[in-house]
Amino acid sequence: MSQQLKFIASVFKMAMKELVNVMGPESVQTVFRLMGEEIGKAYERRLRLKYKVDKWKTEEYVDHLLKDIIEPGLGEGLAEYKIDNKEITIIIKVCPFRRAGIKISDKLYCTYTEGMIETALKTALGDIDFKTERLIADKNPDCIFKIKIKQ
């Protein structure tokens, strides 16, 4: 990591410590969840404009979400998906927050990822059930999210 990124990560960690001290961890998690939801909407809108789509097909959208949005941020091959009937499984194999040297065991940042993925899929595909099956923050090798399309 470059010196500039190390500096930014260091300032971010200090800011987060103070935010948790002032606001409490639940409020900070709520803020991260809301940030994730907003970026999830923006990602769907960006993909819809890029691919000129009015209504998404499930596999097409999930493939674009992972290949155009998630993988570039994580690295090639560090996210994958499976679709079985109306159930989508998204597997993320690395935590970008941990990779930046940020403590993740308190799961503050997990809510960002959950909000982003759930909202991006809900915006594109409609009514869904979203479930976090496991997290890297719980010392698992990956994060697994299950999404059931209700339609």
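Figured I'd write up the structure that's included with this text. Model, not experiment: these values are computed from the prediction.

1. Quick look at a nonpolar patch on the surface
Together, Leu5, Phe7, Ile8, Val11 and Met14 make up a nonpolar patch on the protein surface, roughly 500 Å² of accessible area in all. Tracing the sequence through the fold places Met14 in helix α1 (residues 3-23).

2. Brief notes about the nonpolar core
Among the nonpolar cores identified, the biggest contains 42 residues, and Tyr61, Ile70, Ile90, Ile117 and Leu121 are the most heavily contacted of them. When contributions to this core are tallied by element, the ones reaching two or more residues are α2 (25-51), α3 (58-74), β1 (79-84), β2 (87-92), α5 (110-125), β3 (128-134) and β4 (143-149). Apart from the residues lying within four places of it in its own chain, the contact partners of Ile117 are Ile70, Ile90, Ile92, Phe130 and Phe145.

3. Remarks on the layout of surface pockets
Estimates place the volume of the largest pocket at around 370 Å³. Taken together, 21 residues form the lining of the largest pocket, with Leu74, Pro96, Phe97, Tyr112 and Thr113 sitting closest to its centre. When the residues that make up the lining of the largest pocket are grouped by side-chain class, the tally is 19 nonpolar, 2 polar and no charged.

About the cut-offs
Residue indices follow the written sequence of each chain, beginning from 1 at its first position. Owing to the predicted nature of the model, reporting of local features is limited to residues with pLDDT of at least 70; listing and counting of side-chain atom pairs is limited to 80 or more, with chain, interface and lining totals taken over all residues. Excluding hydrogens and water, the side-chain values take into account all heavy atoms of the structure. Residues qualify for a patch when their relative accessible area is over 30% and they have no salt bridge, like charges being joined within 9 Å and the nonpolar side chains of Val, Leu, Ile, Met, Phe, Trp and Tyr within 5 Å. Using a 1.4 Å probe, the Shrake-Rupley method yields the accessible areas, and only the shown protein chains count as cover for residues. Just to be clear on terms, a salt bridge is a Lys or Arg side-chain nitrogen sitting within 4 Å of an Asp or Glu carboxyl oxygen. Each helix is a run of DSSP H or I of at least 4 residues and each strand a run of E of at least 2, with the numbering of both proceeding from the N terminus. For the purposes of this section, nonpolar cores are sets of buried Ala, Val, Leu, Ile, Met, Phe, Trp, Tyr and Cys residues that join through side-chain atoms within 4.5 Å. Under the scheme applied here, a residue whose accessible area is under 20% of the maximum for its type counts as buried, over 50% as exposed, and between as partly exposed, the area being computed with a 1.4 Å probe on protein chains only. By definition, residues are in contact when any of their heavy atoms lie within 4.5 Å. A cavity here means a set of 1 Å grid points, computed over protein atoms only, where a 1.4 Å probe fits but cannot escape. A pocket is an open set with protein on both sides within 12 Å along at least 5 of 7 lines, and lining residues have an atom within 4 Å of a point. Grid points are joined across faces, edges and corners, and a volume is the space filled by probe spheres set on the points. In this count, Pro and Cys sit with the nonpolar residues alongside Ala, Val, Leu, Ile, Met, Phe, Trp and Tyr, while Asp, Glu, Lys and Arg are called charged and the others, Gly among them, polar.

This is a description of form; function is not addressed.
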